[in-house]
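One letter stands for each residue in the lines below.
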Amino acid sequence: MKKQNLLIYLLLITFQTFAISKEQPVKPPSPFYPVPTDRQLAWHEMEQYAFIHFTTNTFTGKEWGYGDESPEVFNPSPQMDVSQWAKTVKAAGLKAIVLTCKHHDGFCLWPSQYTEHSVKNSKWKNGQGNVVKEVSEACHKSGLKFGVYLSPWDRNRSNYGSPSYVEYYRNQLRELFSTYGPVFEMWFDGANGGDGYYGGAREKRKISGASYYDWPTTLNMVRKMEPNVIFFSDAGPDIRWCGNESGYIGETNWNTINADTLFAGKSGIEKILNSGEENGKNWIPAEVDVSIRPGWFYHAEEDAKVKTPEKLFDIYLSSVGRGANLILNIPPDRRGLFHENDVKALLGWKKMIDEAFKKNLALHSVVQSDTYRGDSKKYAASNVTDGNKETYWATNDDITSGTLEIDLGAKKKVKYILLQEYIKLGQRVKNFTVSVRKNNRWEEVAKGSTIGYKRILKIEPVETNKVKIEITSSKASPLISNIGIY
Ligand code: FUL
């Protein structure tokens, strides 16, 4: 090297070192509103939990009790064992149980001081039993969260439809929340079929769903007792219904939606609930509710109709795999146990999930991106495979697309691609594609729209050494916290 060149080289090195040591900290991306609350974030991370429907219907064979059932009908056998429910729920990888403390027929699974229509007048345990207590205790003991379903529609109460019933309903909420908490989720069912027993009136009663219950007052009251509770209803306010009971959320699933649209009670609202609204002003993510059997309650004639592990796995992909949470109903039978067929299906399903996602081939692999925020390591592509959900790849504010290339090191068989956005700062991605390296060229194997908390794409199994994710459009700088390849 000539003396002059050497000098220039040394000068350059000195300048670079100086420039690096002077690197300005890069401004983190600003939130792209709306963003989830802390309690919604914690809820997103739960991903899936159980629903349990159990009441007089289990013994009468109905789905919607009329409200005139004698409490004596409720009579599970001495074999009843809620620890079998909790054990199975845990073994299936579910994180909580939401129990129908009272369904539309009005029968209470706890000895409420406000009604005679409850377990206290059943034959079960000579009226000394309390399903809500047993289930909440079993949950809290085994590390499962506990949730409450208390049907607003009550076909047993004589005063249903008048203001005093709303007070009755609130009293029961006070009873439940002060005795059996902590409660992670409160399920407000929108169903109201009109007719019922109503203390002997046997008539049709119409209420205005929008005003009768005065929900804001009720929710405030519950929130005071349980600040972290998540409210589910067709319309939120914390989480929304997915618009069907078959087990799927839209492939396009925005966590955002306009609360005004929801409360307007529009016709065709199911479609909006199923996809959310790209420019929705509120963060109200979706929960997918579905039963392991055709009915919500146990009916012996459905023993052969329990969903297979394969069907449940499909449901997992079209709910959790599309950024929603899954609430899977498992109805106990007349013995007071999960039926053997249900247990077998649940465990088979868990095995399928474990096998499919056993080894993340992308973990700690080398990733390259065409661009990253402020050329700062803090936002580099390697964040998507570092196994840390708090780090993410980001672009500059004015860049709303980008490419991430994951090098698997050697040819591996790939079946699933898992993507996660850093939703703490909002949901952003609108479209993306997935390509794999094959015969020295890129081949597109999947494309999708939204990502959100989690997106799983099932692809035709393929042997490849490189996977490319291209974010083709985004509402703001895309923030990707995790990419898994299985
Ligand atoms: C519906 C109810 O009518 C069903 O009986 C069940 O409880 C389901 C989860 O919600 O609206």
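Residues numbered from 1 in each chain as written. Predicted model: local features only at pLDDT ≥ 70, side-chain atom pairs only at ≥ 80, totals over all residues. Heavy atoms only, no water.

With that out of the way, let us pick up the side chain of N156. Residue placement: N156 occurs in the loop between strand 3 (145-150) and helix 6 (163-179). Ignoring anything within four residues of it in the chain, the contact list for N156 reads G67, D105, G106, H117, Y197, Y198 and G199. (Helix = DSSP H or I, 4+ residues; strand = E, 2+ residues; numbered from the N terminus. Contact = heavy atoms within 4.5 Å.)

Once that is clear, we can look at the domain arrangement of the protein chain. When the parts of a complex come together, some accessible area is lost, and that lost area is often taken as the interface size. Under the domain assignment used here, the protein chain contains domain 1 (38-356) and domain 2 (366-485). Taking only C-alpha atoms into account, the centre of domain 1 sits 36 Å from that of domain 2. Between domain 1 and domain 2, roughly 1,700 Å² of surface is buried when both sides are summed, and carbon and sulfur atoms account for 54% of that area. Viewed at the interface, domain 2 and domain 1 are joined by 4 salt bridges. Linking E278 and K430 is a salt bridge whose minimum nitrogen-to-oxygen distance equals 3.3 Å. At the surface where domain 1 touches domain 2, the tally comes to 13 residue pairs in polar contact (both at pLDDT 80 or more). Sorting the residues of the side of domain 1 that touches domain 2 by element identifies helix 2 (38-46) and helix 10 (309-317) as the ones contributing at least two each. (Domains from an automatic or database assignment. Buried area = accessible area lost by both parts, 1.4 Å probe. Salt bridge = Lys/Arg side-chain N within 4 Å of Asp/Glu carboxyl O. Polar contact = N/O pair within 3.5 Å; in protein donor to acceptor, adjacent residues only side chain to side chain.)

Bringing the site of the ligand into the picture now. With respect to spatial proximity, the complete set of residues near the ligand consists of F51, H53, W64, H103, H104, Y149, W187, D189, A191, E245, D289 and W296. With respect to the ligand, the side chain of Y149 contributes an N or O atom lying 3.0 Å from an oxygen atom. Between an oxygen atom of the ligand and a side-chain N or O atom of D189, the distance comes to 2.9 Å. Taking 290 Å² as the accessible area of the ligand by itself, protein coverage stands at 90%. Broken down by class, the residue content of the shell around the ligand amounts to 6 nonpolar, 3 polar and 3 charged. (Near = heavy atom within 4 Å. Areas by Shrake-Rupley, 256 points an atom, 1.4 Å probe, with all protein chains shown as cover. Nonpolar A, V, L, I, M, F, W, Y, C, P; charged D, E, K, R; others polar.)

Relative to strand 18 (residues 455-474), strand 15 (residues 402-421) is paired through 13 bridges, and the arrangement is antiparallel. Paired with I406 across the strands is V467, a residue of strand 18. Pairing analysis gives 7 bridges linking strand 16 (residues 429-438) to strand 18, with the strands arranged antiparallel. Bridging from a neighbouring strand, V434 pairs with I469 of strand 18. (Pairing = 2+ DSSP bridges.)

Okay, helix 5 (residues 131-142) next. For helix 5, which comprises 12 residues, the first-to-last C-alpha distance of 16 Å matches the rise-based estimate of 16 Å (1.5 Å per residue) to within 8%. Looking at the buried residues of helix 5, the elements they touch are helix 4 (82-91), strand 2 (96-102), strand 3 and helix 6. N-capping of helix 5 is provided by N130, with a side-chain oxygen placed 3.2 Å from the backbone N of V132. Backbone geometry just after helix 5 places G143 at a positive phi near 80°. (Expected span 1.5 Å × (residues − 1).)

Of all hydrophobic cores here, the largest spans 104 residues; its most connected members are V131, M186, W349 and F357. Looking at this core, the element that brings in the most residues is helix 6, giving 7 residues. If we ignore the near neighbours within four places in the chain, the residues touching F357 are F313, Y316, L317, Y416, I456 and Y486. Of all hydrophobic cores here, the second largest spans 27 residues; its members include I406, V414, I483 and I485. (Core = buried A, V, L, I, M, F, W, Y, C linked by side-chain atoms within 4.5 Å. Buried < 20%, exposed > 50% of the residue type's maximum accessible area, 1.4 Å probe, protein only.)

Taken in spatial order, the 8 strands line up as 1-2-3-4-7-8-11-12 and close into a barrel, and their pairing is parallel. Strand-to-strand twist in this sheet, taken as the mean axis angle between neighbours without regard to direction, amounts to 25°. Of the pairings in the sheet, the one linking strand 7 (residues 230-233) to strand 8 (residues 239-241) comprises 2 bridges and is parallel in character. The residue of strand 8 that forms the bridge with F232 is I239. (Axes fitted to C-alpha atoms, helices over the stretch in contact; angles between N-to-C directions.)

This part is about the pairing of strand 1 (residues 48-52). Counted residue by residue, strand 1 has 5 buried out of 5 residues, so it is predominantly covered. Here strand 1 runs beside strand 12 (residues 325-329); their pairing, made up of 4 bridges, is parallel. Paired with Q48 across the two strands is L326, which belongs to strand 12. One ladder, built from 3 bridges, connects strand 1 with strand 2; its direction is parallel. Across the sheet, F51 pairs through a bridge with V98, a residue of strand 2.

Quick look at unusual backbone geometry now. Of the consecutive residues Y33 and P34, the connecting peptide bond is found in the cis state with omega at 0°. Note that the residue after G181, namely P182, is joined by a cis bond; omega there is 0°. Position of P182 relative to the elements: it lies in the loop between helix 6 and strand 4 (185-187). Of note, Y198 is a non-glycine position whose phi angle comes to about 40°, a positive value. If you trace the backbone, Y198 turns up in the loop between strand 5 (195-196) and strand 6 (203-204).

So, on to the pattern of salt bridges. Scanning the model with the defined rule gives 27 salt bridges in all. When the shortest N-O distance is used, the salt bridge between E390 and K424 registers 3.2 Å. Taken together, the residues span a long stretch of sequence, with E390 in the loop between strand 13 (366-369) and strand 14 (393-394) and K424 in the loop between strand 15 and strand 16 at a distance of 34 residues. A salt bridge links E443 to K438; its shortest N-O distance comes to 3.8 Å. E443 gets classed as partly exposed once you look at its relative accessible area, which sits at 28%. On the basis of relative accessibility, which here comes to 31%, the residue K438 falls in the partly exposed class. Here the salt bridges share partners, and the residues they tie into one network are E167, R170, R174 and D214.

Next up on the list: the packing of aromatic side chains. Evaluated as defined, the whole model comprises 32 aromatic pairs. Arranged with centres 6.3 Å apart and planes meeting at 35°, the rings of Y165 and Y169 form a pair that is tilted. You can see Y165 and its partner Y169 sitting in helix 6, 4 residues apart, about one turn around the helix. Overall, the relative accessible area of 1% leaves Y169 in the buried class. (Phe/Tyr/Trp six-rings, centres within 6.5 Å; stacked < 30°, edge-to-face > 60°.)

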